[in-house]
Amino acid sequence: MEDFIIPLSSEFDGIYFIEGNQRARYPYSHSMLIGDYLIDTGISHKRLKTLKKRFPINNVLFTHWHEDHISGNYLLKDAKFYCHSKDKAPIENVNEMIPLYNVKNTPVEDELNSLIKLLRMQNIKVDTIIADNDIFKIGDQLKLKVLFTPGHTAGHCAYYELNSKIAFLGDIDLTRHPYYGNLDASLIKFEESIAKIKALDIETVVTGHRGIIEGKNKIDEEIDKYMSILQGRDERILAFFSERSRPIELDNLREKNIIYRKYTFKDFEIIAELLMIEKHLEKFLKEGIIAEKKKGYILN
Ligand SMILES: [Zn+2]
């Protein structure tokens, strides 16, 4: 067996962690294979080709539209493609990613187009739309359930195998960098989705950018850590409000290292950071922590 294909259960056959190239650092991501169902196609071209030779892949389930999760899909064009209706447009037409990242007419637009070329991305046709609680029966033993978990994108889905209690969480990724920096993201929904995952009776998880995490206690611990990162961001944004008497406008929070403590891909991160801060403000408004005043916001 290739060393990037790792069985996930000693009790149930046919469930594999498929490790993404470069340990799934962007622009790669991890996958999971369950019978002839592959979740996400961002492991790398080379790995996808190898995987395809070893296993029949007749179905491809996407967690969401981001390029690092769908890039190699065209290599599996004979398979059936599935995704949530809300993520269908950018999966079928990669140019639709540009406005969703809010980078049209910025230098990032060119960078993203170069990456799309580098990854040799192609448009594909989605065959079937999936929805919350759909179940795929795989062989005699496996039942893979769709968990609609929006927030990271509008149509993000996780997948949960009911018998082995193994779940693939996509980009509820349990890394130190929770992300909701596209126009169709929502922090309110992201937090609800994380709570939904935490409520599961779950034994093993794999995420898009973290390897295998085993044991309910360890998984809960990782989820709590992830939530605390979001809380830290809440607090840093609210600290700006305490420091100022005048209403705060979104633009006052630009390039302040609130979410990215250091800018590595500066042009992109400044745009994404501002979008993410906007999602926090949306949450604060809904919770009544801040109120609108003139063109900005004040603490309530
Ligand atoms: Zn993503």
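It should be emphasised that the depicted structure is a prediction, and the values quoted were computed from it without experimental measurement.

**Q** Could you clarify how one ought to interpret the overall build of the protein chain in this entry?
**A** The number of helices and strands found in the protein chain is eight helices and 15 strands. Taken against the 2.2 N^0.38 rule, which gives 19 Å for 300 residues, the C-alpha radius of gyration of the protein chain at 20 Å falls within 12% of a compact globule. For the protein chain, the C-alpha atoms occupy an extent of roughly 65 × 40 × 30 Å along the three principal directions. Counting across all 300 residues of the protein chain, residues that qualify as buried make up 55%. Summed over its atoms, the accessible surface of the protein chain is roughly 14000 Å², and 47% of this surface lies on carbon and sulfur atoms.

**Q** Explain the environment of Ala-24 to me, please; I cannot follow it from the model alone.
**A** Note on placement: Ala-24 falls in the loop between strand S2 (15–18) and strand S3 (31–34). Considered as a pair, Ala-24 and Arg-210 are 186 residues apart in the sequence and their alpha carbons are 7.5 Å apart. If sequence neighbours within four positions are ignored, Ala-24 has contacts with Ser-29, His-30, Gly-208 and His-209.

**Q** Can you walk me through the packing of aromatic side chains in this structure?
**A** Each aromatic ring pair is characterised by the separation of its centres together with the angle its planes make. For the structure on display, the rule yields 10 aromatic pairs. With a centroid separation of 6.3 Å and an interplanar angle of 35°, the aromatic rings of Tyr-37 and Tyr-82 are classed as tilted. Of the two residues, Tyr-37 sits in strand S4 (residues 37–39) while Tyr-82 sits in strand S6 (residues 80–84), which places them 45 residues apart along the sequence. Summarising the burial analysis for this pair, Tyr-37 and Tyr-82 share the class buried. Both rings, one in Tyr-37 and one in Phe-136, keep their centres 5.3 Å apart while their planes meet at 50°; by these two values the pair is tilted. Taken together, the residues Tyr-37 in strand S4 and Phe-136 in strand S8 (residues 135–138) connect sequence positions 99 residues apart. Summarising the burial analysis for this pair, Tyr-37 and Phe-136 share the class buried. Following the ring pairs from residue to residue traces out a cluster consisting of Tyr-37, Tyr-82 and Phe-136.

**Q** So what exactly am I meant to see when it comes to the pattern of salt bridges here?
**A** Note that side chains of opposite charge can pair when their charged atoms are close. Considering all chains together, one arrives at 14 salt bridges under this definition. Ionic pairing is found between Asp-132 and Lys-196, a salt bridge with its closest N-O pair at 3.1 Å. Taken together, the residues Asp-132 in the loop between strand S7 (128–130) and S8 and Lys-196 in helix H6 (residues 187–198) connect sequence positions 64 residues apart. Judged by its relative accessible area of 29%, Lys-196 falls in the partly exposed class.

**Q** Even after reading the chapter, I still don't get unusual backbone geometry, so can you show me in this structure?
**A** Excluding glycine, a negative phi dihedral is what most residues carry, and trans is how most peptide bonds are arranged. Geometrically, the link from Tyr-26 to Pro-27 is a cis peptide bond, its omega value of 10° lying close to zero. With respect to the element layout, Pro-27 can be found in the loop between S2 and S3. A positive phi angle is found at Lys-165, which is not glycine, with a value near 60°. Structurally, Lys-165 is set in the loop between strand S10 (157–161) and strand S11 (166–168). Its relative accessible area of 24% is what places Lys-165 among the partly exposed residues. Positive phi outside glycine occurs at Asn-257, with the angle close to 55°. By secondary structure assignment, the location of Asn-257 is in the loop between helix H7 (216–243) and helix H8 (266–287). The class for Asn-257 is partly exposed, based on a relative accessible area of 25%.

Cut-off values and rules
Residues numbered from 1 in each chain as written. Predicted model: local features only at pLDDT ≥ 70, side-chain atom pairs only at ≥ 80, totals over all residues. Heavy atoms only, no water. Helix = DSSP H or I, 4+ residues; strand = E, 2+ residues; numbered from the N terminus. Rg over C-alpha atoms; globule rule 2.2 N^0.38 Å. Buried < 20%, exposed > 50% of the residue type's maximum accessible area, 1.4 Å probe, protein only. Areas by Shrake-Rupley, 256 points an atom, 1.4 Å probe, with all protein chains shown as cover. Contact = heavy atoms within 4.5 Å. Phe/Tyr/Trp six-rings, centres within 6.5 Å; stacked < 30°, edge-to-face > 60°. Salt bridge = Lys/Arg side-chain N within 4 Å of Asp/Glu carboxyl O.

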